[in-house]
Amino acid sequence: MVLVAGAAAAARGALTIGELVAFVSLQLMLIWPVQSLGWIIANGQEAATAADRIQEVLDTPPQIVDAPDALALPREAVVGRLRFERVSFRYPGASAPVLREIDLTIEPGETVALVGATGCGKSTLLSLVPRLHEVTGGRITLDGHDLRDLRLDSLRRLVGMAFEEPTLFSMSVRENLTLGRPDAGDDEVRAALALAQAEFAYDLPWGLATRVGEQGLSLSGGQRQRLALARAVLGRPALLVLDDPLSALDVHTEALVEAALRRVLRGSTALLVVHRPSTIALADRVALLAGGRITAIGRHSELLATVPAYRALLAADPPSGEPPPAASTPDGWDLVRS
Ligand SMILES: Nc1ncnc2c1ncn2[C@@H]1O[C@H](COP(=O)(O)OP(=O)(O)OP(=O)(O)O)[C@@H](O)[C@H]1O
Ligand SMILES: [Mg+2]
């Protein structure tokens with residue numbers, strides 16, 4: 001329209017050709033900024049919302065903080081006796097406590113496996129050790145020191161942990177491994193990777209410098225789990241808390257990691273959550289968690305022989321007193337179940 005009306009006006013002599021050209025080129029220059037204004041406003045609003053959210057997170061005062069006269073325990077001074085003394089825990093806002101008056105002592109160097117039905121509070125119990133949550137009743141002590149009297153940075157340096165759903169941050173494999181131990185040397189990293197059977201990390205496109213996590217290379221569940229395990233055992237922490245560390249591994253890798261883990265567990269006091277009978281072999285004692293309490297504790301074979309609930313959980317045997325499942329004709333599912 002501009003061109004047609006402009007050409008007509010120029011023909012009538014109302015406009016010079018130069019004025020028409022100037023008008024058209026100015027108009028073209030304006031189109032892009034006007035169009036992008038809408039886009040810029042929308043983006044700006046999104047950024048403002050995101051910035052608000054970041055501020056909210058940064059401004060939240062942590063509820064778990066150092067006591068005024070908290071002490072730092074050096075690694076060498078730690079023997080490693082971990083005691084839960086009538087520990088209770090209730091999530092904020094929850095109606096019932098998840099854990100009730102847990103009493104458990106783990107001797108230095110001992111490995112205790114925690115078993116229980118899904119949702120009974122195993123992960124919650126583990127999270128109390130590095131003080132990701134604060135106990136709401138009772139206390140947890142390490143070598144007689146209430147965990148709340150220790151400095152958080154010192155406590156978390158003493159505790160190596162690997163969670164059920166391992167988190168890798170958007171940075172290199174090496175940085176992910178040495179998050180809590182920036183001073184770790186190449187030898188230590190190599191040893192930790194060997195232990196977790198995670199040497200695949202050296203074969204990634206850029207080796208240990210490969211970026212993984214959200215914005216990097218995606219790793220499989222089992223690979224992430226092994227890196228998380230390597231991170232946990234790096235530098236031989238005094239306490240190890242592992243939440244089902246071998247769940248995503250195939251039987252062969254599991255056996256290799258298990259054998260290596262056995263060596264590390266000898267040097268640390270450890271609390272493991274395990275679901276599979278094969279992994280329980282790593283533990284000196286097994287504790288059965290049910291209804292927020294430890295209902296049985298002892299050696300695997302003892303519990304199997306004397307505690308029907310334990311047998312039911314691990315062996316899929318019905319507890320005595322209940323009828324066995326109705327016999328069915330063999331079909332594909334029977335094979336799968338067996
Ligand atoms: N952050 C939370 N806030 C409130 N309730 C929670 C929170 N995390 C877990 N719970 C509740 O606490 C209970 C115990 O959860 P937990 O994760 O400890 O179970 P679990 O024994 O580790 O189960 P699984 O074997 O499936 O891993 C569950 O009923 C769960 O709903
Ligand atoms: Mg869990």
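See the structure shown above.
Cut-offs and rules
Residues numbered from 1 in each chain as written. Chains lettered and ligands numbered in written order. Predicted model: local features only at pLDDT ≥ 70, side-chain atom pairs only at ≥ 80, totals over all residues. Heavy atoms only, no water. Helix = DSSP H or I, 4+ residues; strand = E, 2+ residues; numbered from the N terminus. Rg over C-alpha atoms; globule rule 2.2 N^0.38 Å. Buried < 20%, exposed > 50% of the residue type's maximum accessible area, 1.4 Å probe, protein only. Contact = heavy atoms within 4.5 Å. Lys, Arg positive; Asp, Glu negative; His and termini not counted. Charge placed at Lys NZ, Arg CZ, Asp CG, Glu CD. Donors = N, O, S within 2.8 Å, 3.2 Å for Na, K, Ca; no water. Core = buried A, V, L, I, M, F, W, Y, C linked by side-chain atoms within 4.5 Å. Salt bridge = Lys/Arg side-chain N within 4 Å of Asp/Glu carboxyl O. Near = heavy atom within 4 Å. Polar contact = N/O pair within 3.5 Å; in protein donor to acceptor, adjacent residues only side chain to side chain. Nonpolar A, V, L, I, M, F, W, Y, C, P; charged D, E, K, R; others polar. Pairing = 2+ DSSP bridges. Axes fitted to C-alpha atoms, helices over the stretch in contact; angles between N-to-C directions. Parallel < 35°, antiparallel > 145°, perpendicular 65-115°, else oblique. Left-handed = near helix turned anticlockwise from the far one by under 90°.

A.B. asks: I'd like to hear about the overall build of the chain, residue by residue, with values.
C.D. replies: Of regular secondary structure, the chain possesses 12 helices and 12 strands. Its C-alpha atoms give the chain a radius of gyration of 30 Å, clearly above 20 Å, the size a compact globule of 338 residues would have. Referenced to the eigenvectors of the C-alpha coordinate spread, the extents of the chain come out at roughly 110 × 65 × 50 Å. Every one of the 338 residues in the chain was classed for burial, and the buried ones make up 38%. Long-range pairs, those at least 24 residues apart, make up 67% of the contacts in the chain with a sequence separation of at least 6. Within the chain, one finds 32 positive and 39 negative side-chain charges whose respective centroids are separated by 3 Å.

A.B. asks: Give a detailed account of the coordination of the magnesium ion (ligand 2), specifying residues and quantitative values.
C.D. replies: The magnesium ion (ligand 2) binds to the protein through Ser 123 (OG), Glu 164 (OE) and Glu 164 (OE); the donor distances cover 1.9 to 2.8 Å. Here Ser 123, found in helix α3 (residues 122-128), pairs with Glu 164, found in the loop between β6 (159-162) and β7 (171-172); they are 41 residues apart in sequence, far enough to count as distant. Look at Ser 123 and you get partly exposed, because its relative accessible area is 29%.

A.B. asks: I'd love a proper account of the nonpolar core, names of residues and values included.
C.D. replies: Among the nonpolar cores identified, the biggest contains 48 residues, and Val 173, Leu 193, Leu 227, Leu 240, Leu 242 and Tyr 310 are the most heavily contacted of them. In this structure Leu 227 touches Leu 168, Val 173, Leu 177, Leu 193, Ala 198, Phe 200, Ala 201 and Leu 219, once residues within four positions along its chain are discounted.

A.B. asks: How would you summarise the pattern of salt bridges if you had to cite specific residues and measurements?
C.D. replies: Using the criterion set out here, one finds 13 salt bridges in the structure. Salt-bridge contacts for Arg 86 lead to Glu 101; the nearest nitrogen and oxygen are separated by 3.1 Å. With Arg 86 in strand β1 (residues 82-89) and Glu 101 in strand β2 (residues 99-106), this residue pair connects regions lying 15 residues apart in the sequence. With relative accessibility at 40%, the residue Glu 101 sits in the partly exposed group. For Arg 151, the salt bridge is made with Asp 153, and the minimal N-O distance between the two is 2.9 Å. For Arg 151, a relative accessible area of 33% gives the class partly exposed. Linked through salt bridges whose partners overlap, the residues forming this network are Arg 83, Glu 85 and Arg 139.

A.B. asks: Which residues make up the site of ligand 1, and what values go with them?
C.D. replies: Taken together, Tyr 91, Val 98, Thr 118, Gly 119, Cys 120, Gly 121, Lys 122, Ser 123, Thr 124, Glu 164 and His 275 make up the full set of residues near ligand 1. The contact in question runs from an oxygen atom of ligand 1 to an N or O atom on the backbone of Cys 120, over 3.2 Å. Here Lys 122 contributes a side-chain N or O atom positioned 2.7 Å from an oxygen atom of ligand 1. Residue composition of the shell around ligand 1, grouped by class: three nonpolar, six polar and two charged.

A.B. asks: Any details on the sheet that holds β2? Residues and values, ideally.
C.D. replies: The four strands lie next to each other as β2-β1-β4-β5, forming an open sheet whose pairing is antiparallel. The open sheet has two edge strands, β2 and β5 (145-146), and neither has a second partner. Two elements, strand β4 (residues 137-142) and β5, share two bridges in a ladder whose sense is antiparallel. Looking across to β5, one finds that Leu 142 is bridged to His 145.

A.B. asks: Please set out the side chain of Lys 122 residue by residue, giving values where relevant.
C.D. replies: By secondary structure assignment, the location of Lys 122 is in helix α3. Lacking a salt bridge, the buried Lys 122 has Glu 164 as its closest oppositely charged neighbour, with an N-O distance of 6.5 Å. Of note is the side chain of Lys 122, whose polar atom sits 3.1 Å from the backbone oxygen of Gly 116. When residues no more than four places from it in sequence are discounted, the contact partners of Lys 122 are Leu 114, Val 115, Gly 116, Ala 117, Val 273, His 275 and Leu 289.

A.B. asks: Residue-level account of the packing of helix α1 (residues 2-12) against helix α2 (residues 17-59), with values.
C.D. replies: At their nearest, the axes of α1 and α2 sit 9 Å apart, and the two run at 165 degrees to each other. It follows from the interaxial angle that α1 and α2 lie roughly antiparallel. Of the two possible hands of crossing, α1 and α2 adopt the one that is right-handed. Of the residues in α2, those touching α1 at Val 2, Leu 3, Gly 6, Ala 7 and Ala 10 are Ile 17, Leu 20, Phe 23, Val 24 and Gln 27.

A.B. asks: Describe the side chain of Asp 243, and please don't skip the residues or the numbers.
C.D. replies: Tracing the chain through its elements places Asp 243 in strand β9 (residues 239-243). No salt bridge is formed by the buried Asp 243; its nearest oppositely charged neighbour, Lys 122, is found at 6.9 Å. At 2.6 Å, the side chain of Asp 243 forms a polar contact with the side chain of Ser 123. Beyond its immediate stretch of four places on either side in the chain, Asp 243 contacts Ser 123, Leu 126, Ala 162, Phe 163, Glu 164 and Val 273.

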